[in-house]
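What the coordinates show
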Amino acid sequence: MSKAHGSWQRINQALDEIGYNIPNTSTVERFNGTARRMNAHQVRRSLAFAHRSNTRQAVAWWSATVYNWVREHRSLRTPLEVPEGKKRFQQRTPAMAVGLTEHIWTEAQILRAPVYMASTE
């Protein structure tokens, strides 16, 4: 089995945290289905098409960004110590779950965020 990025130690730690002993095919397929639903360019026989690979790649990155930073995921929510009225859970995104941010971003915030190119040295 190969890894996309990261060390085996980090991968195994992440799998332990979510309760998996081995990578779970159903989780990967569920993500692929979500990606296809969010990006019409990945669906076979749709009216949306992108002739240029740059366009397909940009839409795929945008979908992944929204999925990880904007969309709340019910499976990632955590119970509040003190319920606030009817609110019993703190909703979280995958970016919040791994500690990259402390709040759910809006699409406008993402578009306004400065982006710095990685060093090529």
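Preceding this paragraph is the structure being described.
In this report, the structure presented in the accompanying data block is examined. Note that the structure is a prediction, hence the values are computed from the model and not measured. (Residues numbered from 1 in each chain as written. Predicted model: local features only at pLDDT ≥ 70, side-chain atom pairs only at ≥ 80, totals over all residues. Heavy atoms only, no water.)

1. Things to note about the overall build of the protein
- Looking only at helices and strands, the protein features five helices and two strands.
- Going from N to C terminus, the protein has its helices and strands arranged as α-α-α-β-β-α-α.
- For the protein, the proportion of its 121 residues judged to be buried stands at 14%.
- Once local pairs closer than 6 in sequence are excluded, the contacts in the protein between residues at least 24 apart make up 33%.
- Carbon and sulfur atoms make up 53% of the accessible area of the protein, which amounts to about 10400 Å² in all. (Helix = DSSP H or I, 4+ residues; strand = E, 2+ residues; numbered from the N terminus. Buried < 20%, exposed > 50% of the residue type's maximum accessible area, 1.4 Å probe, protein only. Contact = heavy atoms within 4.5 Å. Areas by Shrake-Rupley, 256 points an atom, 1.4 Å probe, with all protein chains shown as cover.)

2. With respect to helix α3 (residues 53-69)
- Compared with an ideal rise of 1.5 Å per residue, which puts 17 residues at 24 Å, α3 spans 24 Å between its outermost C-alpha atoms and is within 8% of the ideal.
- Among all positions of α3, only Ser63, Val66 and Tyr67 are buried. Buried residues of α3, seen end-on, are gathered within an arc of 100° and therefore sit on one face of the element. (Expected span 1.5 Å × (residues − 1). Arc of directions from axis to C-beta.)

3. Some details on the packing of aromatic side chains
- Tallying each qualifying case throughout the model produces one aromatic pair.
- Note on Trp69 and Trp105: the rings are 5.4 Å apart at their centroids and 75° apart in plane angle, and the pair reads as edge-to-face. In this pair, Trp69 sits in helix α3 while Trp105 sits in the loop between α4 (94-97) and α5 (107-112), placing the two residues 36 residues apart along the sequence.
- On the accessibility criterion, Trp69 (22% relative accessible area) is partly exposed.
- When the ring centre of Phe89 is taken as reference, the NZ or CZ atom of Arg77 above it lies at 3.7 Å. (Phe/Tyr/Trp six-rings, centres within 6.5 Å; stacked < 30°, edge-to-face > 60°. Lys NZ or Arg CZ within 6 Å of the ring centre and 35° of its normal.)

4. Details of the side chain of Thr101
- Here Thr101 lies in the loop between α4 and α5.
- Thr101 gets classed as buried once you look at its relative accessible area, which sits at 11%.
- Polar contacts involving the side chain of Thr101 include one to the main-chain amide nitrogen of His103, which spans 3.4 Å.
- Side-chain polar atoms of Thr101 contact the side chain of Trp105, separated by 2.9 Å. (Polar contact = N/O pair within 3.5 Å; in protein donor to acceptor, adjacent residues only side chain to side chain.)

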